[in-house]
Amino acid sequence: MNNRHRPLGPDVLGRLTLDTDPWLSCDDCFRLVDEYVEALLAGHRDVMPPMRVHLSGCPACAEEAATLLVLAADDAGVDPAATLAWLDSVAGR
Amino acid sequence: MTTLGRDAAETASSGIVDWVESLTVPGPAQDEAMRLLHDLMVRAARCQVLRMRSTLGGVGLAVVEEIANQSADEAMMAVLRKLRTFEGRSRFTTWAYKFAVLQAATDVRSRAWRDRDVHLDGLELLADKGTAPEQYAEAADLAAVVRTAIETELSPHQRRILVALVVDGVPIDVLADRLGASRNALYKTLHDARKRLRAHLRDTGHLADIDRQAGRS
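Just so it is clear, the model here is predicted, and its values are computed rather than measured.

This part covers the interface of chain A and chain B. Opposite the 41 residues of chain A that make contact, chain B presents 53 residues. When residues of the side of chain A that touches chain B are traced back to their parent elements, those giving at least two are strand 1 (6–7), helix 1 (10–16), helix 2 (26–41) and helix 4 (59–76) of chain A. Among the elements that make up the side of chain A that touches chain B, the one with the highest residue count is helix 4 of chain A (10 residues). Residues of the side of chain A that touches chain B, tallied by class, amount to 19 nonpolar, 9 polar and 13 charged.

The next point concerns the domain arrangement of chain B. Per the domain assignment, the segments making up chain B are domain 1 (6–112) and domain 2 (133–213). Relative to domain 2 of chain B, the C-alpha centre of domain 1 of chain B lies at a distance of 36 Å.

Residue and element names in this part refer to chain B. In this model, chain B carries a mean pLDDT of 88, and residues with pLDDT of at least 70 account for 86%. Summarising per-element confidence for chain B, the mean pLDDT is lowest in helix 1 (residues 6–13) (51) and highest in helix 5 (residues 92–112) (98). Reported for the predicted complex are a pTM of 0.90 and an ipTM of 0.94.

With that settled, consider the environment of A:D21. Mapped onto the elements, A:D21 comes out in the loop between helix 1 and helix 2. A sequence separation of 36 residues divides A:D21 from A:G57, and the C-alpha atoms of the two residues are 9.9 Å apart.

With that settled, the discussion passes to the packing of helix 8 (residues 172–179) of chain B against helix 9 (residues 183–203) of chain B. Residue and element names in this part refer to chain B. For the pair helix 8 and helix 9, interaxial distance at closest approach is 9 Å and the crossing angle is 110°. Taken together, the axis directions place helix 8 and helix 9 in an arrangement best described as roughly perpendicular. Contacts between helix 8 and helix 9 involve I172, D173, L175 and A176 from the former and R183, L186 and Y187 from the latter.

A cis amide bond links A:D21 to the next residue, A:P22, at an omega of 0°. With respect to the helices and strands, the residue A:P22 is situated in the loop between helix 1 and helix 2.

Residue and element names in this part refer to chain A. At a minimum axis distance of 10 Å, the contact between helix 4 and helix 5 (residues 81–90) shows a crossing angle of 175°. It follows from the interaxial angle that helix 4 and helix 5 lie roughly antiparallel. Of the residues in helix 5, those in contact with A65, A66, L69 and V70 of helix 4 are T83, L84, L87 and D88. Residue classes in the contact of helix 4 with helix 5 are distributed as 6 nonpolar, 1 polar and 1 charged.

Thresholds, definitions, all that
- Residues numbered from 1 in each chain as written.
- Chains lettered and ligands numbered in written order.
- Predicted model: local features only at pLDDT ≥ 70, side-chain atom pairs only at ≥ 80, totals over all residues.
- Contact = placed C-beta atoms within 7 Å.
- Helix = DSSP H or I, 4+ residues; strand = E, 2+ residues; numbered from the N terminus.
- Nonpolar A, V, L, I, M, F, W, Y, C, P; charged D, E, K, R; others polar.
- Domains from an automatic or database assignment.
- pLDDT = per-residue confidence, 0-100.
- Axes fitted to C-alpha atoms, helices over the stretch in contact; angles between N-to-C directions.
- Parallel < 35°, antiparallel > 145°, perpendicular 65-115°, else oblique.

The following block contains the structure:
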């Protein structure tokens, strides 16, 4: 036991008690993420609901999905700003 | 050329109709496809490292390039190992980028945390002060409820993983590496812990208040 104290504000409280159903693993997220970011860039934000849930609960996967989105948008000649902002809000950033 | 190096991507995507075939059939075309694929891996890895650069304590571009190139080399091998699993559900380039993005992100997090301790021990959670006394009182009450639930409803393993990942902000791949576990296994533990907490908080009538405070209602 130690004496380190961590703040438990609304943000942390929210992340501790986040509803992450339906379950999706990090491996499944990786398998789907290329298809997912291309769908997001095409304006389809309601596709693959488990992906949205996973990205809301897994900061590492969300960070990587955001970069992939930027790369795919650049290839497609699309401005990623709006979709990136939406993805950041999903991830609670 | 854009900051992402689109010239490389355009070059890489031009002239190759079937990446899988080009990368697998021996000959000059394969050599060229390998070179172009490596360019793509460097581009994606560099993009990821640059986006996470602030976590590396102000390293220079030489270090960024060093990490990006090492990650790209690793990612290229991963792409070639997984080539037969490409199903054409996305562009080949987007599919391939994800290997470099994953490798670079993992490498950056590992480097950012290499001199930092990861504590898996005590649980001392304090409520943040709100702007008004009544807000602080409610936040403190909810924090106490959640803290008690963490202590009484979760297994020791669930408690350690939940606190390390969510409260202390240890990246999941860093924690997985320190524990000799997989990212998947830790995320499953996190998922189960959250689910158990929510069930308990629902049973005790606190979930609605917590969801409201977290802006979910």
